[in-house]
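Structural description and commentary
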Amino acid sequence: HWRWMLAGPPGSGSPMHKDPWVYSSWNASLVGSKRWILFPPDIPRVVLHPPQQGIVGSFFTALGLPGYRSAADFMDEVLPTLREGGLGHVEVLQCPGEVVAFPAGWWHAVVNLDATIAVTESFGEPCNLEAIVRTLSEGNLKAFAEVLLAENRQSLESRIGCSGPVA
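Residues numbered from 1 in each chain as written. Predicted model: local features only at pLDDT ≥ 70, side-chain atom pairs only at ≥ 80, totals over all residues. Heavy atoms only, no water.

1. Concerning the overall build of the protein chain
What counts is decided by this rule: Helix and strand definitions here come from DSSP, where helices need a minimum of 4 consecutive H or I residues and strands a minimum of 2 consecutive E residues; each element is numbered from the N-terminal end. With a 1.4 Å probe rolled over the protein chains alone, any residue whose accessible area is under 20% of its type maximum counts as buried; one over 50% counts as exposed, and the rest are partly exposed. Note on definitions: a residue-residue contact is assigned when non-hydrogen atoms from the two residues lie within 4.5 Å.
Each helix and strand counted, the protein chain has five helices and eight strands in total. From first element to last, N terminus to C terminus, the protein chain shows the α and β order β-β-β-β-α-α-α-β-β-β-β-α-α. For the protein chain, the proportion of its 167 residues judged to be buried stands at 37%. Considering only contacts in the protein chain between residues 6 or more positions apart, those separated by 24 or more positions represent 83%.

2. What about unusual backbone geometry?
The phi dihedral of W21 is positive, around 65°, even though this residue is not glycine. The class of W21 is partly exposed, set by a relative accessible area of 36%.

3. What to know about the pattern of salt bridges
Test applied: The working definition used for a salt bridge is a side-chain nitrogen of Lys or Arg within 4 Å of a carboxyl oxygen of Asp or Glu.
Within this structure, the stated rule accounts for three salt bridges. One salt bridge in this structure joins E77 and R69, with 2.8 Å as the shortest N-O distance. Taking relative accessible area as the criterion, E77 reaches 45% and is therefore assigned partly exposed. On the basis of relative accessibility, which here comes to 9%, the residue R69 falls in the buried class. Taking the shortest distance from any N to any O, the salt bridge between R83 and E91 comes out at 2.7 Å. Judged by relative accessible area, which is 37%, R83 ranks as partly exposed. Residue classification places E91 among the partly exposed residues on the basis of a relative accessible area of 35%.

4. Looking at the sheet that holds strand β6 (residues 99-102)
This is how it is decided: Two strands form a pair only when DSSP identifies at least two bridges running between them. With axes taken as lines fitted to C-alpha atoms, and helix axes fitted only over the stretch in contact, angles between N-to-C directions fall between 0 and 180 degrees.
Taken in spatial order, the four strands of this open sheet run β1-β8-β3-β6, and their pairing is antiparallel. Of all strands in the sheet, those bounded by a partner on one side alone are β1 (4-8) and β6. On average, each strand axis in the sheet is inclined to that of its neighbour by 20°, with strand direction left out of account. Pairing between strand β3 (residues 24-31) and β6: four bridges, direction antiparallel. Note on β6: the bridge partner recorded for A28 is V99.

Right under this line is the structure:
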């Protein structure tokens, strides 16, 4: 079964974010191309979301979202400066039939260059079980975290092929 099927027009996408609950993710483009920008987990949020000036900046600050930008605006307004900083970012052009996958904790933004249809899923890796449980517990999902831990610790710890723990 597929978790999410995404469809969007040219110029749509996802703003800079980390996937929730210390999950890793993959995205398979079925139709259309996407532009991805990924940054390592240790880059501070304020670096990737610098405050905006003017009325737009004031509006998003009032909503509690200082520095919010669409993915396209991020790539036009913020990315050129960040490229000069040597922050270890990765830029990917995803074409139809290709899959982009990335480990837990990585910041990412995506712009659909064409009308797109994609399938995507997020998943917890065995080496991140404790961090997943901690994140769920901190997010008022403690009961779910306890069930996850009780039911999966042994089977998750016995699996291999993890991209590495996330603190």
